[in-house]
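Coordinate inspection notes
Next come the chains, spelled out residue by residue.
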Amino acid sequence: MIYLRPAVITTALLCSVALGQQNDDKTCTSASAECDDTNLETIRLGLEWFTNPDHLPLIVAQKHGIFTSFGLNVQLIEPSDHWEAEEEILAGRLDVAVTEPLHLAQDAAKGKPVLGFSRFLHTDGGVLYDAGKGDITRPADMCGKTISYPGSPGPGGPAIVNTMVKADGKLDCDITSYKKHNGSFFHTDALQSNHADVATLIFWNFEIPEAKAKGMKDAAFFSLKEWGVPDFCQLVLMTTPSHFEKRKDVLRKLVLAMRRATGIVHQQPDLAREYYYQHVNKEDASETQQAVIDATFTATLPAFPNDNMMSTEYYEHLMGWLVETDQVDGKAGEDVSVSTYWTNEISW
């Protein structure tokens, strides 16, 4: 399942951005077959949110001509509404989609035809709170609080928060004590409007800088990885199993192109920053938006791994937690094999 995070930086496109149409690859000449779009393999890649620094390898690969040098014309498509990525792929409207391991595992347990094949971002995140208010200083303090999260009133928000509360030693917190608010992905707004005490499903590299830019000077978060919740603050590429088999060679090129772009992000961060600011038209943004663009870019730079693989044990642990917290059907979660929804075949 792809959850749409509404755009708060309005400079991002709401339809699609064709990557590879502007070629900055200095090795490509007019006589080269790689310069001819008719000889490029097209990949329609659906994002999980509006274009933001999490997608930096894709943007750098376009601006630096890397996709073209691999014979690819990658098109980034932003969701204008909620979508089921596997249905878009089956219908021929997408080839690949970005998702999080959490949603990949949930969809697999529902029997959906999904297959993840490359991780490209690993950040930190968890539950946002305003430390300046003073009523929350440790995870146990969240017991019985109002939680804002996309998907409310589903079980996800309380499952995450109550796992943290238990990990902090408070074992008697009734999971039904939590109140729920659906603030979508407007986490800062939910807290500042007092509609919620905490907000979950946040990536620290975006939501913390954004909250501080909007005046929450003591914005803080409890990290999933530190308080008992499987670390799913990652982004992966997925497709359907049948599409993977049909286009495996092309998808391998996509992985390698993004890996080369990741090298530029780490080794030439100023160049990556220049590409990104051009892409989102930073100079046309409002003063607050520019502050968010600056801060989120800087915070995201370290979040791109060189290793695109993920382990079977990781997904087994994630699925076990989903079953334990009643987020997926127990039998379905136990019966589905990781190999049916994750492969490292082309991510080495």
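Our structure is the block above this text.
Now for a description of the structure that goes with this document. (Residues numbered from 1 in each chain as written. Predicted model: local features only at pLDDT ≥ 70, side-chain atom pairs only at ≥ 80, totals over all residues. Heavy atoms only, no water.)

Re the packing of helix α7 (residues 204–213) against helix α11 (residues 287–300)
- Running from N to C, α7 and α11 cross one another at 145 degrees; their axes reach a closest spacing of 8 Å. Considering the relative orientation of α7 and α11, their crossing is right-handed. Taken together, the residues of α11 that come into contact with α7 (itself represented by Trp204, Asn205, Phe206, Pro209, Glu210 and Ala213) are Thr288, Val292, Ala295, Thr296, Ala299 and Thr300.
- Here the residues of the contact of α7 with α11 sort into seven nonpolar, four polar and one charged. (Axes fitted to C-alpha atoms, helices over the stretch in contact; angles between N-to-C directions. Helix = DSSP H or I, 4+ residues; strand = E, 2+ residues; numbered from the N terminus. Left-handed = near helix turned anticlockwise from the far one by under 90°. Contact = heavy atoms within 4.5 Å. Nonpolar A, V, L, I, M, F, W, Y, C, P; charged D, E, K, R; others polar.)

So, the nonpolar core
- By size, the foremost hydrophobic cluster in this structure holds 91 residues, and its most contacted members are Leu45, Phe232, Leu254 and Tyr315.
- Looking at which element gives the most residues to this core, the answer is helix α9 (residues 248–267), with nine residues.
- Setting aside residues no more than four positions away along its own chain, Leu254 makes contact with Ile43, Leu45, Phe67, Leu72, Val74, Val96 and Leu237.
- The next biggest cluster of nonpolar side chains, apart from the first, holds 10 residues, and it includes Leu128, Ala190, Leu191 and Ala199. (Core = buried A, V, L, I, M, F, W, Y, C linked by side-chain atoms within 4.5 Å. Buried < 20%, exposed > 50% of the residue type's maximum accessible area, 1.4 Å probe, protein only.)

A word on the environment of Tyr275
- Turning to its location among the elements, Tyr275 is positioned in helix α10 (residues 269–279).
- Accessibility expressed as a relative area gives 10% for Tyr275, which makes it buried.
- Separated by 216 residues in sequence, Tyr275 and Ile59 place their C-alpha atoms 7.2 Å apart.

Observations concerning the pattern of salt bridges
- Counted by the stated rule, this structure contains 17 salt bridges.
- The partner of Glu245 in a salt bridge is Lys248, with the nearest N and O atoms 3.3 Å apart.
- Judged by relative accessible area, which is 51%, Glu245 ranks as exposed. (Salt bridge = Lys/Arg side-chain N within 4 Å of Asp/Glu carboxyl O.)

Side note on the state of the cysteines
- Applying the stated criterion across every chain yields a total of one disulfide.
- Sulfur-sulfur distance for the disulfide between Cys143 and Cys173 comes to 2.0 Å. Taking the torsion about the sulfur-sulfur bond, which here is approximately 100 degrees, the covalent link between Cys143 and Cys173 counts as right-handed. With Cys143 in the loop between β6 (125–130) and β7 (146–148) and Cys173 in the loop between α5 (156–167) and β8 (179–181), the pair connects residues that are 30 residues apart, well separated along the chain.
- The exposure class assigned to Cys143 is partly exposed, which follows from its relative accessible area of 24%. (Disulfide = S-S within 2.5 Å.)

Here's the deal with helix α12 (residues 312–324)
- In this model α12 runs 18 Å from its N-terminal to its C-terminal C-alpha over 13 residues, within 8% of the 18 Å that 1.5 Å per residue would give.
- Buried within α12 we find Tyr314, Tyr315, Leu318, Met319, Trp321, Leu322 and Val323.
- Close packing links the buried residues of α12 with α4 (101–109), α5, β11 (234–239) and α13 (330–335).
- Phi for Asp326, located one or two positions after α12, is positive at around 60 degrees. (Expected span 1.5 Å × (residues − 1).)

With respect to the packing of aromatic side chains
- With the rule as written, the count across this model stands at 13 aromatic pairs.
- Summarising the aromatic geometry, the rings of Tyr129 and Phe222 are spaced 4.4 Å apart at their centres and angled 15 degrees between planes, so their arrangement reads as stacked. With Tyr129 in strand β6 and Phe222 in strand β10 (residues 219–223), the pair connects residues that are 93 residues apart, well separated along the chain.
- On the accessibility criterion, Phe222 (6% relative accessible area) is buried.
- Between Phe232 and Trp321 the ring centres are 6.2 Å apart and the planes differ by 35 degrees, which places this aromatic pair in the tilted class. Here Phe232 is found in the loop between β10 and β11, whereas its partner Trp321 is found in helix α12, with 89 residues between them in sequence. Just as Phe232 is buried, Trp321 falls in that class too.
- Three or more aromatic residues joined by ring pairs form one cluster here, namely Trp49, Phe50, Phe185 and Phe206.
- It is Arg252 that lies over the ring of Trp348; its NZ or CZ is 3.7 Å from the centre.
- Directly above the aromatic system of Tyr277 lies the positively charged group of Lys282, at a separation of 4.9 Å from the ring centroid. (Phe/Tyr/Trp six-rings, centres within 6.5 Å; stacked < 30°, edge-to-face > 60°. Lys NZ or Arg CZ within 6 Å of the ring centre and 35° of its normal.)

Looking at the sheet that holds β10
- Here we have five strands laid out as an open sheet, ordered β8-β7-β9-β6-β10, and mixed in their pairing. Among the strands making up the open sheet, the edge pair consists of β8 and β10. The sheet shows a mean angle of 35 degrees between the axes of neighbouring strands, direction not considered.
- In this structure, β7 lies alongside strand β9 (residues 198–203), joined through two bridges in parallel fashion. Residue Ser148 lies in a different strand from β9, and its bridge partner there is Ala199.
- Running over the sheet, α5 touches β6, β7, β8, β9 and β10 and is turned about 85 degrees from β6.
- Taken strand by strand, α7 contacts β6, β9 and β10, and its axis lies near 130 degrees from that of β9. (Pairing = 2+ DSSP bridges.)

Thoughts on the pairing of strand β5 (residues 115–122)
- For β5, the tally of buried residues reaches seven of eight residues, placing the bulk of the element in the interior.
- Pairing geometry for β5 and β11, over six bridges, is antiparallel. Each bridged residue has a counterpart across the sheet, and for Gly116 the counterpart in β11 is Met238.

Here we look at the side chain of Glu86
- Within the secondary structure, Glu86 sits in helix α3 (residues 85–90).
- Setting aside residues no more than four positions away along its own chain, Glu86 makes contact with Asp107, Lys112, Pro113, Val114 and Thr240.

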